[in-house]
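Chain and residue survey
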Amino acid sequence: MSDLVEHVQLYIGGELVHPHSTDTIEVISPHTEQVIGRVPHASRDDVDRAVAVARRAFDDGPWPRMALAERVEVVTRIKDAIAIRHEEIARTISAQNGSPYSWSVLAQALGAMMVWDSAITVARDFPYEERRAGVLGPILVRREPVGVVAAVVPWNVPQFVAAAKLAPALLAGCSVVLKPSPESPLDSYILGEIAREAGLPEGVLSILPADREVSEYLVGHPGIDKVSFTGSVAAGKRVMEVAARNLTRVTLELGGKSAAVVLPDADLAATVAGVVPAAWMNNGQACVAQTRILAPVSRYDEFADAFAAAASQLVVGDPLDAATQVGPLVAKRQQQRSFDYIRIGQEEGAKILAGGGRPAGQDKGWYVEPTLFGGVDNSMRIAREEIFGPVICLLPYDDEAEALRIANDSPYGLSGSVWTGDVEHGIDFARQVRTGTFNVNTFSLDMLGPFGGYKESGLGREFGPEGFGEYLEHKMIHLPAGYGGEA
């Protein structure tokens, strides 16, 4: 993306319209530090307009009243178009937020397509109505669309997270106001174009790039029935507080400080090959990243040397270069945040085993070397706080009971993994870790199962039937005693 990408209109209700304000958002390349894009900054008036058309579309429009098969047909066209344009989407996202292009293709673009596809599978099989035998007579339980949804997505995986919210919401029959991050709004215009060409009815989808202030206005808008938010714990708490004024339903997918637990019988090569990409994925800017690696004291030096060597060999550079494994962080503030935590870790007594500074030859761009700290105690800030950069902690443990205690000793509970020569034992270990998702000798995220967190990692779930149900209300209809007709 060498040319400036500029948009002068907002996507509201399926149409490109001029914004109320002349304010703009400049998109800056984290690699060159140059402006690569400019889009309108949505105002409160734009939010009012978007919510109003979404309200009309839900209350009076055809979308929630269509047969499921008709909605599936439209959403399938969206999914197929994302697959066709996946390279364009991947390049756009990499240019905005620094994700390595190879990772963007798989996770940012094709991963988003898989989210849409999985939601279609779930929607087709979902039980929208069921008859039950009640205490006083038969009852009919219905699941109906929740209404107008505010979907607030972050900059690190914008299309993937947007799909996680949009796909189930649209298939359920909701209308949506999507709020992209100001760091990564360009790909949302591709999505808007795809949705329009797919035949999404008027008013069903609006896309409003904006800052935190306008986002808060959207979340607190009385015309919103449901908020689905992905971001930091602090922002999630604020979303919950603002939404509570209207008793608006919320789903929160927040941060993580996940533990990759290496058991004493783990295979060295396979463990390193699995954990390294899971730790430094997306430049460390992933809520599910395995940022605490727990290794047994009996093999600590062996694993420390192997992980340090692997971190040092990661290719750092231009995110649009296919060979790059770690790119720049999304913004200068995020780069400085990583450097601050590297300093804090050293002050706390941890030892840098790899990285720790700016990569050689990268004088421009918001780069941080893939960094590994050794000798980390779980009480240290670098082990407890989400850094959201390429800074990973290696912690020793004496026995499995201590490993389990350390894994669970966190304010977060989003992801995790265990690496062992005995899969059945690994499954037993997984059952004892208080996180919403967990992996045994692998690292993945399956879109047909529930994804979300324990503790401060969030509320509610995305993906699978559980995530689909977040966009539905439950209604009970009492039927007369002895009624045996069809529901």
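Now for a quick tour of the structure. This structure is a prediction, so every number in the text was calculated from the model and none was measured.

A short note on the sheet that holds strand β1 (residues 5-6)
If you trace the 3 strands from one edge of the open sheet to the other, you get β1-β5-β4, paired in mixed fashion. Lying at the two open borders of the sheet, with one neighbouring strand each, are β1 and β4 (24-28). Taken together, the 5 bridges between β4 and strand β5 (residues 35-40) define a ladder with antiparallel strand orientation. Within the sheet, the bridge partner assigned to I28 lies in β5 and is V35.

Comments concerning the sheet that holds strand β20 (residues 439-440)
Read from one edge to the other, the open sheet built from 7 strands follows the order β15-β16-β17-β14-β13-β19-β20, with strand pairing classed as mixed. For this open sheet the edge positions go to β15 (351-354) and β20, each flanked by a neighbour on one side alone. With 3 bridges connecting them, strand β13 (residues 259-262) and strand β14 (residues 292-296) associate as parallel partners. Residue pairing for β14: A260 is matched across the bridge by I293. Running at roughly 20° to strand β16 (residues 371-374), helix α11 (residues 332-348) makes contact with β15, β16 and β17 (391-397) of the sheet.

Structural notes on the packing of helix α2 (residues 68-84) against helix α4 (residues 101-125)
At their nearest, the axes of α2 and α4 sit 9 Å apart, and the two run at 165° to each other. Considering the angle they form, α2 stands roughly antiparallel to α4. Where α2 crosses over α4, the two elements pack in a sense that is left-handed. Contacts between α2 and α4 pair L68, V72, V75, T76, I78, K79, I82 and A83 from the former with A109, M113, W116, D117, I120, A123 and R124 from the latter. For the contact of α2 with α4, the class distribution of residues is 11 nonpolar, 1 polar and 3 charged.

Re a nonpolar patch on the surface
A grouping of L4, I28 and V35 is seen on the molecular surface, where their side chains present a nonpolar patch of about 210 Å² in accessible area. If you trace the backbone, I28 turns up in strand β4.

Remarks on the pattern of salt bridges
Counted by the stated rule, this structure contains 27 salt bridges. In this structure, E462 and K165 form a salt bridge, with 2.8 Å as the shortest nitrogen-oxygen distance. Taken together, the positions of E462 in the loop between β22 (458-459) and α15 (464-468) and K165 in helix α5 (residues 158-172) put the pair 297 residues apart, joining distant regions of the chain. Of the two residues, E462 and K165, neither departs from the other in class, the shared state being buried. Among the salt bridges present, the one from E385 reaches R381, with a minimum N-O distance of 3.0 Å. By relative accessible area, E385 is classed as partly exposed at 26%. Overlapping salt bridges, with partners in common, bring together E129, R142, E144 and K475 in one network.

Section: the nonpolar core
Grouped together as the largest cluster of nonpolar side chains are 64 residues, with contacts concentrated most on W116, L166, L170, L178 and L205. Filtering out sequence-adjacent residues up to four positions away, L205 remains in contact with Y11, I12, G13, G14, L166, V176, L178, A195 and L200. The next biggest cluster of nonpolar side chains, apart from the first, holds 37 residues, and it includes I25, V47, A150 and A210.

Concerning the pairing of strand β11 (residues 226-230)
Along a regular strand, successive side chains alternate from one face of the sheet to the other. Burial analysis of β11 places 5 of its 5 residues in the buried class, which makes it a mostly covered element. Of the two faces of β11, the one holding K226, S228 and T230 and the one holding V227 and F229 are both buried throughout. In this structure, strand β8 (residues 148-152) lies alongside β11, joined through 4 bridges in parallel fashion. Residue pairing across strands places A151 opposite S228, the latter belonging to β11. In the sheet, β11 pairs with strand β12 (residues 249-253) via 5 bridges, with the strands oriented parallel. Paired with K226 across the strands is R249, a residue of β12. Between the parallel elements β11 and β12, the chain passes through helix α8 (residues 233-244) in a crossover that is right-handed.

Parameters and conventions
Per chain, residue numbering runs from 1 following the sequence as it is written. Local features in this predicted model are restricted to residues whose pLDDT is 70 or higher, and side-chain atom pairs enter the listing and the counts only when it is 80 or higher, whereas totals over whole chains, interfaces and linings include all residues. Here the side-chain values reflect all heavy atoms present in the structure, with hydrogen atoms and water set aside. Pairing between strands requires that DSSP locate at least two bridges from one strand to the other. Every helix listed is a DSSP run of H or I at least four residues long, and every strand listed is a run of E at least two residues long, numbered separately from the N terminus. Residue contacts are defined here by distance: any two heavy atoms, one from each residue, within 4.5 Å place the two residues in contact. Where helices are involved, their axes are fitted lines through C-alpha atoms of the stretch in contact, as for all axes, and angles between N-to-C directions lie from 0 to 180°. When an angle is under 35 degrees it counts as roughly parallel; over 145 it counts as roughly antiparallel; between 65 and 115 it counts as roughly perpendicular; any other value is oblique. By convention, the crossing between two helices is left-handed when the near helix turns anticlockwise from the far helix through less than a right angle, and right-handed when the turn is clockwise. Note on residue categories: nonpolar means Ala, Val, Leu, Ile, Met, Phe, Trp, Tyr, Cys or Pro, charged means Asp, Glu, Lys or Arg, and polar means any other residue, Gly included. Like-charged residues within 9 Å of one another, or nonpolar side chains (Val, Leu, Ile, Met, Phe, Trp, Tyr) within 5 Å, are grouped into patches, provided each residue has over 30% relative accessible area and no salt bridge. The protein chains shown are the only cover counted for residues, whose accessible areas, like all others here, come from Shrake-Rupley with a 1.4 Å probe. By salt bridge we mean one thing: a side-chain nitrogen of Lys or Arg within 4 Å of a carboxyl oxygen of Asp or Glu. Exposure categories follow from relative accessible area, calculated using a 1.4 Å probe and restricted to protein chains: below 20% of the type maximum is buried, above 50% is exposed, and the middle band is partly exposed. Nonpolar cores were defined as sets of buried Ala, Val, Leu, Ile, Met, Phe, Trp, Tyr and Cys residues, with membership established by side-chain atoms within 4.5 Å. Handedness is read with the strands pointing away from the viewer; a crossover is right-handed when the path from the first strand over the helix to the second is clockwise.

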